[in-house]
Amino acid sequence: MGNTLFRTMLLTLALWGVTMVSSAEKSALKPRLVVCTDIAPADVEPDDMESMVHLMVYADMFEIEAIITSVGWNCDPYPMEWSQYLYRVIDAYAKDVPNLMKRSGQKKFLSIKKENASQKIGYWPSVAYIRSRAVMGSMYGGIRSIGERNDSPGSELLIRLADEDDPRPIYVAAWGGANTLAQAIWRVKQTRTPEELKRFVRKFRLYTITDQDMDYAHRMDRARSSHMWLRQEFKDDLQFIWDEGTWQEQCELGKQNWTCHQRDIQTKGALGKEYPNYKWGVEGDTPSFLYVLPNGLNDPEDPSQAGWAGYHERGLCPDSLTTAWTSWQEPVRSISIGYKRRFYSDELNDFVARMQWADEGKGNRNPIVVINGHKGPSPLVLHAKAGETVRLDASKSSDPDHNVIGFLWWQQLEIGTAKLTLDASEQPAINVRIPADAAGQTLHLICEVRDNGPSDLKSYQRVIIRVSGRI
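All of the points below concern the structure found in this document. (Residues numbered from 1 in each chain as written. Predicted model: local features only at pLDDT ≥ 70, side-chain atom pairs only at ≥ 80, totals over all residues. Heavy atoms only, no water.)

### A word on the overall build of the protein chain
Selection criterion: Only runs of H or I of at least four residues qualify as helices and only runs of E of at least two qualify as strands under DSSP, and these elements are numbered from the N terminus. Radius of gyration here uses only the C-alpha atoms, and the compact-globule reference equals 2.2 Å multiplied by the residue count raised to the power 0.38. Think of it in three bands: residues with accessible area under 20% of the maximum for their type are buried, residues over 50% are exposed, and the middle band is partly exposed, with areas taken using a 1.4 Å probe on protein chains only. Note on contacts: a residue pair is in contact if any heavy atoms of the two residues lie within 4.5 Å. Shrake-Rupley sampling with a 1.4 Å probe provides the accessible areas, and residues are treated as covered by the protein chains on show and by no other component. By the counting scheme adopted, Arg and Lys are positive, Glu and Asp are negative, and His together with the chain ends is not counted. A charge is said to be at NZ when it belongs to Lys, at CZ for Arg, at CG for Asp and at CD for Glu.
A count of helical and extended segments in the protein chain gives 14 helices and 17 strands. Relative to the 2.2 N^0.38 estimate, which gives 23 Å for 471 residues, the radius of gyration of the protein chain is 22 Å and therefore close to what a compact globule would have. Along the three orthogonal principal directions, the C-alpha set of the protein chain runs to about 65 × 50 × 45 Å. Within the protein chain, the proportion of its 471 residues that are buried is 60%. Long-range contacts, defined as pairs at least 24 residues apart, comprise 75% of the intrachain contacts of the protein chain with a sequence gap of at least 6. Of the accessible surface of the protein chain, which amounts to about 19100 Å², a share of 51% is contributed by carbon and sulfur atoms. Each charge class in the protein chain can be summarised by its mean position, and for the 56 positive and 61 negative side chains these summaries are 5 Å apart.

Dropping the structure here:
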């Protein structure tokens, strides 16, 4: 870098009154995702099928490392023949993926060897890859099942995934029970040193939709579940999110917007034909992967960052014995549900737009957010001093379809105690004055950028300001 350019950058940062910590994307790689699903016939429980269709039209955003059919509330043992419903969705993806690929201009698939290595955000995986990652997990549930006879292709795959030379964490979305992960951890505990076990467990992040590692009739007897064992034995090593509240709100909001699902999802493409009518609620399992979705709104390494999966705090679990990231008690429950309601229309519009791509091979795409030169799903992290003014400029944001874009800046007030005044919250660039009493705090701002195209799509960028002493 030339000296003149370097001095210009330093001068610009000085004018902003802030030191930039990270203005580049951490990585263009997808987050690693594992799904444990008790997918079933529509007359038993259709919501896993719904969530699987939803997931498939976001296959360009996740590195789907495994889809594991396994035990859940309605099936202990899990009937092997139910896995056919997973393959029906995969077959529908095979028909729709040529259209979905047009969304990112993808012309062909990588070799299986390269797909197995790593995938960048925006890449649609081949059907052969997806099929190779669909395996059977634990057929029997509960802590009573963990042991010598409970190994499965799913638990063996989880061990191989964690042993890969890949620094990215592995996010496990438990649509049913997480018994397969518990078995993998148990097996490693039998065969490796305590230090090796710790490193293995720390590769995983677990998001459970309630606690389904038991039959429904005994669902309140938490000690039956291997989830309790995971929280007790690995409380310092396993990031565990126990969702009680957000998933129910997902179900209810889906029911309230069912006409839209019928019109804009069930009628679109081969995947839409596999999207069943709801029975109890709509897509109750979907928050588990929305939490990981790299849309710039939240970093899944920090569950306190609000996003499409709500908001969580670390605290006592419903079993009154263990701790995890939860949202089951007030006031956290209402805060989490409030965020779910706030973002639901964004989430549904986004889903609808992707289903149009699956059906027609054309449609609307999300705006691209650029703040102070930073672009990408990772947060923009800044350092500033109390009393300073920070300039945040999103005027370089754009829309790939040349739609008109609008802006909204807001603060997530659950993080930090200092409240920011945002006078020009609907302008592309704002000046943010850091309160004089904010020293030592970390403040979180969100920039929402929306377009005026079909479905009014949104994109986000989180800005994290770490405040030191006064100027």
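Next comes the rest of the write-up.
### Some thoughts on the packing of aromatic side chains
In this description, an aromatic ring pair is defined by two values, namely the gap between the centres and the angle between the planes. Stated formally: Ring pairs shown here join Phe, Tyr and Trp side chains whose ring centres sit within 6.5 Å, with only the six-membered ring taken for Trp; geometry is labelled stacked below 30 degrees between planes, edge-to-face above 60, and tilted in between. Comment: the charge-over-ring label is applied if NZ (Lys) or CZ (Arg) is within 6 Å of the ring centre and within 35 degrees of the ring normal.
Overall, the coordinates contain 16 aromatic pairs when judged by the stated rule. A centroid spacing of 6.3 Å and a plane angle of 85° characterise the contact between tryptophan 308 and tyrosine 460, whose relative ring orientation is edge-to-face. One end of the pair, tryptophan 308, is in the loop between helix H13 (287–290) and strand E8 (313–316); the other, tyrosine 460, is in strand E17 (residues 458–468), with 152 residues separating them in the sequence. Tryptophan 308 gets classed as buried once you look at its relative accessible area, which sits at 3%. Summarising the aromatic geometry, the rings of phenylalanine 343 and tryptophan 410 are spaced 6.2 Å apart at their centres and angled 40° between planes, so their arrangement reads as tilted. Separated by 67 residues along the polypeptide, phenylalanine 343 in helix H14 (residues 332–360) and tryptophan 410 in strand E14 (residues 405–411) bring together distant segments of the chain. Here the two residues phenylalanine 343 and tryptophan 410 agree in accessibility, since each one is buried. An aromatic cluster of three or more residues is present, and its members are Trp308, Tyr311, Tyr339, Phe343, Trp410 and Tyr460. The lysine or arginine in question, arginine 219, covers the ring of tyrosine 216, its NZ or CZ lying 3.8 Å from the ring centre. Across from the ring centre of phenylalanine 240, 5.1 Å away, lies the NZ or CZ of arginine 231, which sits over that ring.

### Looking at the environment of threonine 208
By the element assignment, threonine 208 lies in strand E6 (residues 204–209). Judged by its relative accessible area of 0%, threonine 208 falls in the buried class. Residues threonine 208 and threonine 442, spaced 234 residues apart in sequence, show a C-alpha to C-alpha distance of 28 Å. Setting aside chain neighbours within four positions, we find threonine 208 in contact with Ala174, His227, Phe240, Ile241, Trp242 and Asp243.

### A closer look at the environment of histidine 402
If you trace the backbone, histidine 402 turns up in the loop between strand E13 (389–393) and E14. Residue histidine 402 is classed as exposed on the basis of its relative accessible area, which comes to 73%.

### Notes on the nonpolar core
How we decide: What is meant by a nonpolar core is a set of buried Ala, Val, Leu, Ile, Met, Phe, Trp, Tyr and Cys residues, joined one to another through side-chain atoms within 4.5 Å.
Ranked by internal contacts, the top residues of the largest apolar core, which has 76 residues, are Met52, Leu55, Met56, Phe62, Tyr93 and Leu271. A total of ten residues in this core trace back to one element, the largest contributor, which is H14. Residue contacts for methionine 56: discarding those within four places in its chain leaves Ile64, Ile67, Val89, Tyr93, Leu100, Trp124 and Leu271. Of all hydrophobic cores here, the second largest spans 34 residues; its members include Val34, Cys36, Ile146 and Phe240.

### Thoughts on the packing of helix H10 (residues 246–256) against H14
Geometrically, a packed helix pair is captured by the angle between its two axes and the distance between the axes. The condition that has to hold: To obtain each axis, a line is fitted to C-alpha atoms, and for helices this fit is confined to the stretch in contact; angles are then taken between N-to-C directions over 0 to 180 degrees. In this scheme, roughly parallel covers angles under 35 degrees and roughly antiparallel covers those over 145, while 65 to 115 is roughly perpendicular and the rest are oblique. The crossing is said to be left-handed when, going from far helix to near helix, the turn is anticlockwise and less than a right angle, and right-handed when the turn is clockwise. Amino acids are sorted into nonpolar (Ala, Val, Leu, Ile, Met, Phe, Trp, Tyr, Cys and Pro), charged (Asp, Glu, Lys and Arg) and polar (every other residue, Gly among them).
Between H10 and H14, the shortest axis-to-axis distance is 10 Å and the interhelical angle comes to 40°. Here H10 lies oblique to H14, going by the angle between them. Relative to H14, the crossing made by H10 is right-handed. Contacts from Thr246, Glu249, Gln250, Leu253 and Gly254 of H10 reach H14 at Ser336, Ile337, Lys340, Arg341, Tyr344 and Glu347. Split into classes, the residues belonging to the contact of H10 with H14 amount to three nonpolar, four polar and four charged.

### As for unusual backbone geometry
The linkage connecting aspartate 76 with the following residue, proline 77, adopts the cis geometry, with an omega of 10°. Look at the link from glutamate 330 to proline 331: it is a cis peptide, with omega at 5°. We note that threonine 210 has phi near 50°; this positive angle belongs to a residue other than glycine. In this structure, threonine 210 sits in the loop between E6 and helix H9 (226–233). Classification of threonine 210 as buried rests on a relative accessible area of 4%. A positive phi is found at histidine 402, a non-glycine position, where the angle reads about 65°.

### Things to note about the pattern of salt bridges
This is how it is decided: We define a salt bridge as a side-chain nitrogen of Lys or Arg found within 4 Å of a carboxyl oxygen belonging to Asp or Glu.
Applying the stated criterion across every chain yields a total of 29 salt bridges. Between aspartate 264 and arginine 263 there is a salt bridge whose closest N-O contact spans 2.9 Å. Sharing partners across several salt bridges, the network here consists of Arg32, Glu63, Glu65, Arg133, Glu164, Asp166 and Arg168.

### Things to note about the sheet that holds strand E7 (residues 239–243)
For clarity, the cut-off: Any two strands between which DSSP finds at least two bridges are classified as paired.
A sheet is described by the order of its strands in space; here eight strands give the open sequence E4-E3-E2-E5-E6-E7-E9-E8, paired in mixed fashion. The open sheet has two edge strands, strand E4 (134–136) and E8, and neither has a second partner. Across the sheet, the mean angle from the axis of one strand to that of its neighbour is 30°, orientation sign disregarded. When E8 meets strand E9 (residues 323–326), the two strands line up antiparallel, connected through four bridges. Looking at the pairing, glycine 315 lines up with alanine 324 of E9.

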